[in-house]
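Spelled out, the chains give:
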Amino acid sequence: MAEESDLEKTEPGSPRRLEKAREEGEVARSRELTTFVLLVTGLGGLWLTAAPMSEHIGRALQRGLQFERASAFDPSHMLMQAGNVVMEALQALLPLFGMMLLAALAAPIMLGGWLFSTQSLAPKFSKLNPIEGIGRLFSTQSLAELIKAVAKSLLVGGVAYWVISANVTAIMSLMTEPVHSALPHTIRLVANCCALIIASLLLVAALDVPYQLWSYYRKLRMSREDLRQEHKESEGDPQIKAQIRRQQQQMARRRMMTEVASADIVVTNPTHFAVALKYRDKEMRAPRVVAKGTDLLALRIRAIGEENKVPILEAPPLTRALYRHTKLGDEIPAALYAAVAEVLAWVYQLQRWHSEGGVAPHAPDDLPVPESLDPAGSKA
C-alpha cells in the first residue's frame, strides 16, 4: 500500500505543504556539505592562526613544565599556575573554535536556510516503535546512506593511500633529519594530505547536495487528491461557503426588512422593483437606500411598508434608477436629488394632511429622472 501511495504522489509539494514542513522542522540538509565546510574552516583556521597558536601553546608548555619551589609549600600558587596554563591554551584555541562555531552555524544556511522549530524538539513516541524502526533500517534512504558512507570511505581512503604512497621517500627521510627541520616537513606533509582529503570531500558534497534536495522534494510530493483537499481546506468547502452566503443573505434581508418600517417612502415599479428611502435632516447629507428588491422581495417590501403606514409611490423610472445605481446604505446619486426632493416634499405634505386635514396632496407623476440612469427607459 505504501508503494502504491508513493506512485500516486506525482505532483510537487504545494507552497503550503513546504511551509508546513518547514514549520515542523523539515528542511533539506546535507551532512556532507556541513562536514566539508567545517573541515575547510578548520584547515584555514589552522593556517591563519598557526603563528599565534604556536606562541601561546609554547608558553603554556613552558609554564606547565616549570616547577617553582613555592608551589611545593603553597597549593594556591600551584592552582594559579595551572589557571595560567589553561588561559594560555584557551587563548590559543579560542580563535579556531570561534571560526568552527560560525562555520557550524553557517553551513546549514547554505542549503536549507536558518531554521528554529520547537515542533522538531517535541518527543515523537512513534519513533520508539520497533516495527517502524526496522522499516527505516531497510528503507531506500538507509540504503542510500550506506552506499554513500562506503563510497566516501573508499574515496577518502584511496586519496590518503595515494598521498602516502607518493610521499613514502619524504616520510622515510624524516627519520634522518634534525628535529628542527623534520618538524616543519612533517607539518607540510600532514597539511598536504588534509588538503587533498578535503578536496575529495568536495566531490562527495557536490553529489550529496542534489541528492538531498531531490529526496526532500520527493518526500513532500502530493497526490491530486491531496491537492484538492488542501485547496478545499484553504479556500473552504464550496457547499459550506454557499450555505454561509445564504445565511448571510438571509440575515441581511431580515435587517433590511426591519429598516422598511422606519423608512420615509417606498417607491415601486409598481410590482417588479421596490426601493425604500430614509432621510434624517441632521444625520444624513442625502437620502439613503435602506431596502430594495425585485419581484417577490419587492412585494414583501411593499407589504411591510403598507403594514407600517409608510407612503408608497409608483415611480417606475426613479425606482429602476435607484435600484440599478445604488447599494444598501448608499446615498442616492446626485443626479436624482431633484426627483427624490419632489418625492420627499410629497411625503411631508402627506404627513401635514394626515395631521391637519384639508385637501390631499397630488402625487408627483413626472419626476426629473435622467434617461442615462434609467436602465429600461421608455420600454418599461
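Quantities reported herein were computed from a predicted structural model and do not represent experimental measurements.

Rules of the game
- Residues numbered from 1 in each chain as written.
- Predicted model: local features only at pLDDT ≥ 70, side-chain atom pairs only at ≥ 80, totals over all residues.
- Heavy atoms only, no water.
- Helix = DSSP H or I, 4+ residues; strand = E, 2+ residues; numbered from the N terminus.
- Buried < 20%, exposed > 50% of the residue type's maximum accessible area, 1.4 Å probe, protein only.
- Contact = heavy atoms within 4.5 Å.
- Areas by Shrake-Rupley, 256 points an atom, 1.4 Å probe, with all protein chains shown as cover.
- Pairing = 2+ DSSP bridges.
- Axes fitted to C-alpha atoms, helices over the stretch in contact; angles between N-to-C directions.
- Polar contact = N/O pair within 3.5 Å; in protein donor to acceptor, adjacent residues only side chain to side chain.
- Salt bridge = Lys/Arg side-chain N within 4 Å of Asp/Glu carboxyl O.
- Core = buried A, V, L, I, M, F, W, Y, C linked by side-chain atoms within 4.5 Å.

Caption draft 1: Up close: the overall build of the protein. Scanning the protein from terminus to terminus reveals 15 helices and four strands. Counting only residues that meet the buried cut, the protein has 28% of its 380 residues in that class. Expressed as a percentage of contacts within the protein between residues at least 6 apart in sequence, the contacts between residues at least 24 apart total 73%. By element, 63% of the accessible surface of the protein is carried by carbon and sulfur atoms, the whole surface being about 25600 Å².

Caption draft 2: Structural detail: the sheet that holds strand β2 (residues 273-278). Spatially, four strands are ordered β3-β2-β1-β4 in an open sheet, and the strand pairing comes out mixed. With partners counted over all chains shown, the strands left at the sheet margins are β3 (288-294) and β4 (312-314), one partner each. Averaged over all adjacent pairs, the angle separating strand axes in this sheet is 20 degrees, with direction ignored. Alignment of strand β1 (residues 265-268) against β4, held across three bridges, turns out to be parallel. Paired with T268 across the bridge in β4 is E314. Each of β1, β2, β3 and β4 is contacted by helix α13 (residues 295-307), which is oriented at about 130 degrees to β3, the strand it contacts most. Lying on the sheet, helix α15 (residues 337-356) is in contact with β1, β2 and β4; it crosses β1 at an angle near 125 degrees.

Caption draft 3: The side chain of S30, seen in detail. Within the secondary structure layout, S30 lies in the loop between α2 (15-23) and α3 (31-48). At 3.2 Å, the side chain of S30 and the backbone nitrogen of L33 are in polar contact. Other than its neighbours up to four places away in sequence, S30 contacts L111, D208, V209 and Q212.

Caption draft 4: Expanded view of the pattern of salt bridges. In total, this model carries eight salt bridges according to the counting rule given. The closest approach of N and O atoms between K148 and E32, which form a salt bridge, is 3.8 Å. One end of the pair, K148, is in helix α8 (residues 140-166); the other, E32, is in helix α3, and 116 residues separate them in sequence. On the basis of relative accessibility, which here comes to 8%, the residue E32 falls in the buried class. The shortest N-O distance in the salt bridge between K152 and E32 comes to 3.1 Å. Linking K152 in helix α8 with E32 in helix α3, this pair joins segments that are 120 residues apart in sequence.

Caption draft 5: How the structure looks around the nonpolar core. Judged by nonpolar contacts, the single largest core of 22 residues is most densely connected at I265, V267, L277, L318, L322 and L336. Counting only elements with at least two residues in this core, the list comes to β1, β2, α14 (316-325) and α15. Residue contributions to this core peak at seven residues, all from α15. If near-sequence neighbours (up to four positions away) are discounted, V267 is found in contact with F273, A274, V275, L313, L318, T319, L322 and V343. Listed in part, the 14 residues of the second largest apolar core include M257, A291, I301 and V310.

Caption draft 6: A look at the environment of L313. Along the chain, L313 turns up in strand β4. Look at L313 and you get buried, because its relative accessible area is 4%. Distance in space between the C-alpha atoms of L313 and D365 is 9.2 Å, their sequence separation being 52 residues. Leave out the neighbours within four places in its chain, and L313 touches I265, V266, V267, T268, V343, W346, A363 and P364.

These results come straight from atomic positions and should not be treated as a statement about function.
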